[in-house]
Amino acid sequence: MSADLDSIIHEAREAVGALAGRAQFEALKARFLGPNGSLTEAVKGIRDLPREERPDYGKRCNQIKTKLEAILATALKKIELAELQRSLGPPVDPSLPSPDGGPGGCHLLSSVREEICRIFHKVGFNVEEGTEVETEFYCFDALNFPSDHPAKDVHDTYLLPSSVIYGNVPKRDKESYLLRTHTSTVQVRVMMAKEPPLRFVSPGRCFRRDTADPTHTSNFHQVEGIYVDRHVTVKDLKALLDYFVAALFEKDVKTRFRPSFFPFTEPSFEMDLKSPSLGKLSNQWIEIMGCGMVDPAVFEAVGYDPEVWKGYAFGMGVERVAQSLYGVDDIRYLYQNDLRFLEQFA
Ligand code: PHE
């Protein structure tokens, strides 16, 4: 009997070396300790022994069981460790530098904005910037919006709680802070700070309460432009914008002005363009920007004499320009940061 017990340990030692996983471990454990396991059967055999041999045999069985359990526990630990290592993947050395992601590139919106500014800079336009947080005065009142204009409604504009203080945005009584709905705010800021004549473009981010669809997002970009001097006419405006469009598209492009309305320009126009080589948009009129002659009421608001000074202004959406140039048919692609899309333009 005792020799049988020793062979259990011998067998167990050999078998654990070949275990490949938890299922095999459980089967091996059952082979010794299960209801019909060899050690279980050996313990049952105590009944057939003469009385005086039973105490020694029982003791021996317990010793073997303890040994066997220790062998099995070590084997289980080994299996658990292997499982953990498998779940962690290959070993990581945190002291190594991260893998090189390759050179970065310019986002399509940034490169189109730069290109627009570069074209205007060539003919004397500086770049001026404003702030994204504004007040009603700069966004609406100084631009001749009547006080009940729908654009001032909370449904169209993100108004900010008055408890918030923005250091560099002066606020008048009872005015609200808001996220600017257009870059025309920069016209007002610069004209209030500088004397005419002046000529600049102002690129920047704008916000409107729009639900996202292929042509709208609540956050978008514009480039505004303004020229103020003593003798400025619609002819000058049209000539400048034709130059701009020809330089930007480098293609055979036709333009047209359509009458429109903005509170801060009079007369006001929408400019459309058409080209035979704009992919899906070929040969259809595409609305590209709003423009017009600066309304005398704006000059009055900023302290310029409207009898002396004339000017034109224009404003375009950077997304719209990028979409027309590159045939991007959904504005939301520009914000999803999918490298497969962005890398095409970088
Ligand atoms: N601010 C106008 C808009 O957001 C665009 C514009 C700018 C129109 C300048 C005329 C002159 O739609």
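The structure presented is a predicted model; accordingly, all values stated were derived computationally and were not measured. Residue indices follow the written sequence of each chain, beginning from 1 at its first position. Only residues with pLDDT of 70 or above have their local features reported here, since the model is predicted, and side-chain atom pairs are shown and tallied only from 80 upward, although totals for entire chains, interfaces and linings are computed over all residues. In computing side-chain values, all of the structure's heavy atoms are included and hydrogens and water are not.

1. A look at the overall build of the protein
Condition: Numbered from the N terminus, helices here are DSSP runs of H or I no shorter than four residues, and strands are runs of E no shorter than two. Radius of gyration: over C-alpha atoms. The globule rule applied is 2.2 Å multiplied by the number of residues raised to the 0.38 power. Only protein chains enter the accessibility calculation, which uses a 1.4 Å probe. A residue is then buried if its area is under 20% of the maximum for its type, exposed if over 50%, and partly exposed in between. Residue contacts are defined here by distance: any two heavy atoms, one from each residue, within 4.5 Å place the two residues in contact. For the accessible areas, the method is Shrake-Rupley and the probe is 1.4 Å, while residue cover comes only from the protein chains on display. Counted as positive: Lys and Arg. Counted as negative: Asp and Glu. His and the chain ends are not counted at all. All charge positions are set by atom: Lys at NZ, Arg at CZ, Asp at CG, Glu at CD.
Helices and strands together make up the secondary structure of the protein, namely 11 helices and 10 strands. Against the globule reference of 20 Å for 346 residues, the protein gives a C-alpha radius of gyration of 40 Å, more extended than a compact globule. Structurally, the protein occupies a C-alpha span of about 130 × 50 × 35 Å along its principal axes. For the protein, buried positions account for 41% of its 346 residues. Considering only contacts within the protein whose residues lie at least 6 apart along the sequence, 66% involve residues at least 24 apart. For the protein, the computed accessible surface area is about 19,600 Å², with 53% contributed by carbon and sulfur atoms. With 42 positive and 50 negative side-chain charges, the protein shows a separation of 6 Å between the mean positions of the two kinds.

2. Observations concerning the sheet that holds strand S10 (residues 310-317)
Strands belonging to one sheet form pairs held by backbone hydrogen bonds; the direction of such a pair is parallel or antiparallel. Filter applied, for reference: In this description, strands pair whenever DSSP reports at least two bridges between them. Axis lines are fitted to C-alpha atoms, over the contacting stretch for helices. Their N-to-C directions set the angle, which ranges from 0 to 180 degrees.
Spatially, 7 strands are ordered S1-S5-S6-S10-S9-S8-S7 in an open sheet, and the strand pairing comes out mixed. Strands with a single pairing partner mark the edges of an open sheet, and in this sheet they are strand S1 (126-127) and strand S7 (254-262). Along the sheet, helix H5 (residues 108-121) contacts S1, strand S5 (198-207), strand S6 (219-229) and S10; its crossing angle with S5, the most-contacted strand, is approximately 165 degrees. Strands S7, strand S8 (265-274), strand S9 (286-294) and S10 of the sheet are contacted by helix H8 (residues 234-249), whose axis makes an angle of about 30 degrees with S10.

3. Quick look at the nonpolar core
Rules: For the purposes of this section, nonpolar cores are sets of buried Ala, Val, Leu, Ile, Met, Phe, Trp, Tyr and Cys residues that join through side-chain atoms within 4.5 Å.
By size, the foremost hydrophobic cluster in this structure holds 42 residues, and its most contacted members are Phe120, Leu241, Phe244, Tyr312, Phe314 and Met316. Listed by contribution, the elements that provide at least two residues to this core are H5, S6, H8, S8, S9, S10, helix H10 (318-326) and helix H11 (339-342). Excluding residues that lie within four positions of it along the chain, Phe244 makes contacts with Ile116, Ile119, Phe120, Met289 and Met316. Core analysis: the second largest hydrophobic core is formed by 25 residues, Tyr138, Leu143, Leu198 and Ala313 among them.

4. Some remarks on the site of the ligand
Here is the rule we go by: We call a residue near a given molecule or strand whenever any one of its heavy atoms falls within 4 Å of it. Residues are called lining when one of their atoms sits within 4 Å of a cavity or pocket point, these points coming from a 1 Å grid over the protein atoms alone, where a cavity is a set in which a 1.4 Å probe fits but cannot get out and a pocket is an open set with protein on both sides within 12 Å along at least five of seven lines. For this analysis, a molecule is said to be in a pocket or cavity if more than half of its atoms are within 2 Å of the grid points defining it. Gly is put with the polar residues, along with every residue not named as nonpolar or charged; the nonpolar set is Ala, Val, Leu, Ile, Met, Phe, Trp, Tyr, Cys and Pro, and the charged set is Asp, Glu, Lys and Arg.
Close to the ligand lie 13 residues, the nearest being His182, Ser184, Arg208, Gln222 and Glu224. Calculation on the ligand without its partners gives an accessible area of 320 Å², and the protein chains cover 90% of this total. Under a 2 Å grid-point criterion requiring more than half of the atoms, the pocket assigned to the ligand is the largest pocket. Going through the elements one at a time, S6, S9 and S10 are the ones with two or more residues in the shell around the ligand. Broken down by element, the residue count for the shell around the ligand peaks at 3 residues, all from S10. Classifying every residue of the shell around the ligand by side-chain character gives 5 nonpolar, 6 polar and 2 charged.

5. Some points on the layout of surface pockets
Stated precisely, the cut-off is as follows: Grid points are joined across faces, edges and corners, and a volume is the space filled by probe spheres set on the points.
When its volume is computed, the largest pocket comes out at roughly 1,000 Å³. As for the largest pocket, its lining consists of 40 residues, of which Thr181, Arg208, Phe220, Gln222 and Phe262 are closest to the centre. Of all the secondary-structure elements, those providing two or more residues to the lining of the largest pocket are S6, S7, S8, S9, S10 and H10. Tallied by class, the residues present in the lining of the largest pocket amount to 16 nonpolar, 15 polar and 9 charged.

6. Quick notes on the side chain of Glu128
Applied cut-off: The term polar contact refers here to a pair of N or O atoms within 3.5 Å; inside protein, the definition further demands a hydrogen-donor-capable atom paired with an acceptor-capable atom, and it admits residues adjacent in sequence only when both atoms are side-chain atoms.
One can find Glu128 in the loop between S1 and strand S2 (133-135). Assessed through its relative accessible area of 17%, Glu128 is described here as buried. At 2.5 Å, the side chain of Glu128 and the side chain of Lys194 are in polar contact. Discounting chain neighbours no more than four positions away, the residues touching Glu128 are Val186, Val190, Lys194, Phe200, Val201, Ser202 and Pro203.

7. Looking at the environment of Tyr138
Mapped onto the elements, Tyr138 comes out in helix H6 (residues 136-139). The exposure class assigned to Tyr138 is buried, which follows from its relative accessible area of 8%. Sequence spacing of Tyr138 and Arg258 is 120 residues, and the spatial spacing of their C-alpha atoms is 27 Å.

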